[in-house]
Amino acid sequence: MSAIGTFTVRPLDPLRDAELLHRWVTHPKAAFWMMQDAKLQDVEREYMRIAAHEHHHAYLGLHDDEPAFLMEKYDPRYVELVGLYEPRPGDVGMHFLVAPTDRPVHGFTRAVITAVMEELFADPATRRVVVEPDVGNKAVHALNEAVGFVPEREIDKPEKRALLSFCTREQFEAARGVSV
């Protein structure tokens, strides 16, 4: 539990959760999610595709039992970063999206990314988290750095120019002020 509340995740149900996700991914604050013009059926289709994928998983994040964020984890050997860097054993890719709100809470997004990282590192096989946000997404770069990510280099993906960044378990713990 954080000072902000309790965060949990559950597997995303592509059909049951599609309407909620559609509101989130088409919101102006989700521009970097690149689904601004998506129809409800597009969101259902995308998350059905992820649900069927062996190496890509989506989760609905809850804050005090209420839907509050989307978390995706993927194996970068097979999804998103194939051929763009040399993966190491224990690498896990991650995306996250905080639900838009009319009542922002100071520190909430940082608490969410911390909860996401805790969830990923709860698996002892996870050694390093890999992210590839759009180079223009300065807000997420700052959040990533706050939890221990270190930018490595810019890469060209089919849909964007991205900042490839990594965070080891040790870097995450150090950023949280936890001794390892």
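Computed from a prediction, not measured in an experiment: that's the story for all the values here. (Residues numbered from 1 in each chain as written. Predicted model: local features only at pLDDT ≥ 70, side-chain atom pairs only at ≥ 80, totals over all residues. Heavy atoms only, no water.)

## Observations regarding the environment of Pro 87
Here's step 1: Take Pro 87: it is sitting in the loop between strand 3 (66-74) and strand 4 (91-98).
Here's step 2: According to the relative accessible area criterion, Pro 87 is partly exposed, its value standing at 27%.
Here's step 3: Taking the C-alpha atoms as reference points, Pro 87 and Asn 144, separated by 57 residues in sequence, lie 19 Å from one another. (Helix = DSSP H or I, 4+ residues; strand = E, 2+ residues; numbered from the N terminus. Buried < 20%, exposed > 50% of the residue type's maximum accessible area, 1.4 Å probe, protein only.)

## Description of the pattern of salt bridges
Here's step 1: Within this structure, the stated rule accounts for 15 salt bridges.
Here's step 2: The shortest N-O distance in the salt bridge between Arg 10 and Asp 17 comes to 2.9 Å.
Here's step 3: By relative accessible area, which is 21% here, Arg 10 ends up partly exposed.
Here's step 4: The salt bridge partner of Arg 128 is Asp 91, with a shortest N-O separation of 2.8 Å. Placement of Arg 128 in strand 5 (residues 128-131) and of Asp 91 in strand 4 is noted, with a sequence separation of 37 residues between them.
Here's step 5: For Asp 91, a relative accessible area of 8% translates into the label buried.
Here's step 6: Residues joined by salt bridges that share partners form a network here, namely Glu 80, Glu 132, Lys 157, Glu 159 and Lys 160. (Salt bridge = Lys/Arg side-chain N within 4 Å of Asp/Glu carboxyl O.)

## A look at empty space enclosed by the protein
Here's step 1: Following the criterion strictly, the structure yields 1 cavity of 30 Å³ or more and no others.
Here's step 2: In this structure, the largest cavity spans a volume of roughly 30 Å³.
Here's step 3: Looking at the largest cavity, the residues that line it are His 141, Asn 144, Glu 145, Phe 149, Pro 151, Leu 163 and Ser 165.
Here's step 4: Secondary structure elements with two or more residues in the lining of the largest cavity: helix 4 (138-146) and strand 7 (161-168).
Here's step 5: Among the residues making up the lining of the largest cavity, the classes are represented as 3 nonpolar, 3 polar and 1 charged. (1 Å grid on protein atoms, 1.4 Å probe; cavity = no way out; pocket = protein on both sides within 12 Å on 5 of 7 lines; lining within 4 Å. Points joined across faces, edges and corners; volume = space filled by probe spheres on them. Nonpolar A, V, L, I, M, F, W, Y, C, P; charged D, E, K, R; others polar.)

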